[in-house]
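Inside the fold
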Amino acid sequence: MKPLHATGAGLPLRAVAEGTVPREPLSRCGHSLPRALDLARAGSAPVNSDDAIGQAGLFANLMAWPGPSQP
């Protein structure tokens, strides 16, 4: 998901790090999103359905995200 975020944000891959995902694409499903973000950053597979749902929500939102809001 790191390359997807970098592409959508118009940033070089090296500029995308922990804590740089803006609020817009974050999932609002109420599942373990912080754990899903940790897993996505580490490139690990989710360990339970809650993590999988949070990770899927983040992925779907990043795919639909038009990019950062302009001030």
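Throughout this document, residue positions are counted from 1 along each chain, in the order its sequence is written. Per-residue local features of the predicted model are confined to residues with pLDDT of at least 70, and side-chain atom pairs are confined, for both listing and counting, to 80 or more; whole-chain, interface and lining totals are unaffected and use all residues. Side-chain measures here rest on the full set of heavy atoms in the structure, leaving out hydrogens and waters.

A short note on the side chain of His 5
What counts here: A run of DSSP states H or I qualifies as a helix once it reaches four residues; a run of E qualifies as a strand once it reaches two. Both are numbered from the N-terminal end. Contacts are assigned to residue pairs that have any heavy atoms within 4.5 Å of one another.
Summarising the element assignment, His 5 is placed in helix α1 (residues 2-9). Discounting residues that sit within four places of it in the chain, His 5 has contacts with Val 16, Thr 20, Val 21, Pro 22, Leu 62 and Trp 65.

A closer look at the environment of Gly 57
To keep things clear, this is the line we draw: Here's how the labels work: a residue is buried when its accessible area is under 20% of the maximum for its type, exposed when over 50%, partly exposed in between, all with a 1.4 Å probe on protein chains only.
Summarising the element assignment, Gly 57 is placed in helix α3 (residues 49-64). Relative accessible area serves as the criterion here: at 16%, Gly 57 is assigned to the buried category. The sequence separation of Gly 57 and Leu 26 amounts to 31 residues, and the corresponding C-alpha distance is 7.5 Å.

Regarding the confidence of the model for the protein chain
Defined as follows: You can read pLDDT as the predictor saying how much it trusts each residue, on a scale of 0 to 100.
For the protein chain, per-residue confidence averages 74 on the pLDDT scale, and 61% of positions sit at 70 or higher. Ranking the elements of the protein chain by mean pLDDT puts helix α2 (residues 33-42) last with 61 and α1 first with 87.

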